[in-house]
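# Per-entry structural report
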Amino acid sequence: MAAEGGGKEMNEIKTQFTTREGVYKLLTHSEYSRPNRVPFNSQGSNPVKVSFVNVNDQSGNGDRICFNVGRELYFYIYKGVRKAADLSKPIDKRIYKGTQPTCHDFNPLTATAESVSLLVGFSAGQVQLIDPIKKETSKLFNEERLIDKSRVTCVRWVPGSESLFLVAHSSGSMYLYNVENTCGTTAPHYQLLKQGENYAVHTCKSKSARNPLLRWTVGEGALNEFAFSPDGKFLACASQDGFLRVFGFDAAELHGTMKSYFGGLLCVCWSPDGRYIVAGGEDDLVTVWSFSDCRVIARGHGHKSWVSVVAFDHCTTSVEDGDPPAEFSGSDEDFHEQIHFGAGRDRANSAHSRLSKRNSTDSRPVSVTYRFGSVGQDTQLCLWDLTEDILFPHLPLSRTRTHTNVMSATSPPTTGQTTTSTTTTTTTASTTNPSGTNGKDIVSNSSTSANPANSLPGTLPRSNSLPQASNPPGGSTPNSHTGSSSNSSGSTKGNSIIDSAFIATGVSKFATLSLHDSRKERHEKDHKRNHSMGHISSKSSDKLNQLSSSRTAKTEIAKTLGTTLCPRMEDVPLLEPLVCKKIAHERLTVLIFLEDCLVTACQEGFVCTWARPGKVGLLSSQNNPANSPSGTVV
């Protein structure tokens, strides 16, 4: 049962939460971890990461899961919501000496029930190609660390390729490899291929084919994560210098950029149709960027510390057409009884076709909602809806909107409105080119992309946003429906810099990141204990680097704040999370949306499965109701 009292209840771990679709439940018997289930001592270790692949097993249980915990790497059959996990029988387990796994990725094109290709990046800079089914190690790349000596931050197979893969390092460089080529016995020599603003691409000079094929140098500092667009033509890079850079991958052309509000960007993801990019990082915000307009269209604030992972839920979308939706009023239980899941599946068949109507000239606008989620070092899971009033601010508002707070970013909330929604669960696999043209056309026009679309609208759209001027600094948010304090203490690593920067730049009314002294003192100890970055060293040299970077933070903010790279807080809508729940004891490092569940993982080494509404199945009776506090969203 949920504890009485605000403070204790806020710090309690939730095992279920409610959205408009229904109740998401933690399946305790579907938890994956080390076989002894002992929490891992995460101090000084690299983040826990999870990768999935489907091997098309004839038995219908084709999902496989890989995760790293400290020096260990595990490979299991993933049973999800169907059966309880059997941790005593890993398909493969590896323990490494002298280095730690940092990231990994399966190649879905070559995966079979007898063989899978898994890339594993390491803290010392090497990349290993293994087959955990055959228990074989095929190749080791950058073995002598002649290509790059820094930690591997992200590794991905190039979409549509069985042999090419891309590797990012904390040095700020990316390398394109071919599994068929060797790395050579000497350090590679490079020749400049293309250069642009804060990036350069080099080819490897060699008489014979060798790795790497290309070296990308992007921004300043570590390149924390990259993500390919759904069609594989574009590459989004999140860097420690705070910039999101989007490239045309084949032509190595810069398509657009965005700057974080403060600090580095740690994570990035694409919407299923490639039209929007969400990034998160050290400013505790999630930022939504439009690919076609090359501008920030919204920010979301709900986390109290750095955002570790962002991900779109490709299985959940809200679609409205001319048909009036069923109205709802009453309790959450009444709401769930009114949902007819069979009808929802029927509607899902036509949902994707209706998505294509959003730019049509139909007199009745089609309403679309993108669902995405985020997890952070504050141990919280947040779910967000990106609605049509944010996406299409110049279109007339539809008669009905999604069941969220709807208010202007600069004006008091509108009262007296009834908001209803029609929610449909569907799987979208659209890889529509964001601009409606081929990739080459987009790249060729990117150099002249200073178009009127980059300018901010004169009046801000209505959105599920927080009021800007009505909230006192550090105060609570009116009309909040997340069940948590969205204005609680932020990251103590940068608060003093943020506050002084706001004064220096004239931004004094940003309530959600302004802190009350008493709240700051109350949360400071807990923040340092639970939310420390595993890959940040405590060496004095690193501390000096942090002090040096903090002295230049005000200057860097002043350069970009108020521009299209980084709009002021009052210039774009501020989203409020639909759900904001504490779900772990340690910082969260994984969020993956699957068809019947979502998967999270924390730095203690526990990989958790959350069943979607109506997908609990046979495991529902195995969960202990006494350990399931109510996580309802009012």
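Residues numbered from 1 in each chain as written. Predicted model: local features only at pLDDT ≥ 70, side-chain atom pairs only at ≥ 80, totals over all residues. Heavy atoms only, no water.

It is worth spelling out the pattern of salt bridges at this point. For the structure shown, the criterion picks out 13 salt bridges. Linking lysine 194 and glutamate 253 is a salt bridge whose minimum nitrogen-to-oxygen distance equals 3.2 Å. With lysine 194 in strand β14 (residues 189–196) and glutamate 253 in strand β20 (residues 253–259), this residue pair connects regions lying 59 residues apart in the sequence. What makes glutamate 253 partly exposed here is its relative accessible area of 26%. Residues aspartate 293 and arginine 295 are paired through a salt bridge, measuring 3.9 Å at the closest nitrogen-oxygen approach. In the salt-bridge network here, residues are joined through shared partners; they are Arg20, Glu21, Arg371 and Asp385. (Salt bridge = Lys/Arg side-chain N within 4 Å of Asp/Glu carboxyl O. Helix = DSSP H or I, 4+ residues; strand = E, 2+ residues; numbered from the N terminus. Buried < 20%, exposed > 50% of the residue type's maximum accessible area, 1.4 Å probe, protein only.)

Quick look at the pairing of strand β22 (residues 276–281) now. Of all the six residues making up β22, six are buried; the element is thus mostly covered by neighbouring parts of the structure. Across the two faces of β22 the burial is the same, with Tyr276, Val278 and Gly280 and Ile277, Ala279 and Gly281 all buried. With five bridges connecting them, strand β21 (residues 265–270) and β22 associate as antiparallel partners. Counterpart to valine 268 in the pairing with β22 is alanine 279. Between β21 and β22, which pair antiparallel one after the other, the connecting turn spans five residues, and glycine 274 there sits at a positive phi close to 75 degrees. The pairing of β22 with strand β23 (residues 285–290) spans five bridges and is antiparallel. Paired with valine 278 across the strands is valine 288, a residue of β23. Hairpin connection between β22 and β23: a loop of three residues separates the two successive antiparallel strands, and aspartate 284 in this loop has a positive phi of roughly 65 degrees. (Pairing = 2+ DSSP bridges.)

Attention now moves to the nonpolar core. Grouped together as the largest cluster of nonpolar side chains are 22 residues, with contacts concentrated most on Tyr276, Val278, Val288, Phe372 and Leu386. Taken together, the elements giving at least two residues each to this core come down to β21, β22, β23, β24 (295–301), β25 (307–320), β26 (367–376), β27 (380–386) and α4 (388–391). Leave out the neighbours within four places in its chain, and valine 288 touches Tyr276, Ile277, Val278, Arg295, Val296, Ile297, Ala298, Phe372 and Leu386. (Core = buried A, V, L, I, M, F, W, Y, C linked by side-chain atoms within 4.5 Å. Contact = heavy atoms within 4.5 Å.)

Glancing now at the confidence of the model for the chain. Note that predicted coordinates carrying low pLDDT should not be read in detail. A residue-level look at the chain finds 61% of positions with pLDDT of 70 or above and a mean pLDDT of 74. For residues 1–6, every residue scores under 50 in pLDDT, and the model assigns this stretch 11 contacts once sequence neighbours within four places are set aside. Segment residues 321–365: pLDDT under 50, and 55 contacts once partners within four positions in sequence are set aside and those in other chains are kept. (pLDDT = per-residue confidence, 0-100.)

Overall, mixed pairing links the five strands, which are arranged β21-β22-β23-β24-β31 in an open sheet. With partners counted over all chains shown, the strands left at the sheet margins are β21 and β31 (574–575), one partner each. One ladder, built from two bridges, connects β24 with β31; its direction is parallel. By the bridge assignment, glycine 300 is partnered in β31 with leucine 575.

Time to look at the state of the cysteines. In the structure shown here, the tally under the stated rule is zero disulfides. Lacking any disulfide linkage, cysteine 608 is separated from the closest cysteine sulfur, that of cysteine 602, by 6.4 Å. Cysteine 608 gets classed as buried once you look at its relative accessible area, which sits at 13%. (Disulfide = S-S within 2.5 Å.)

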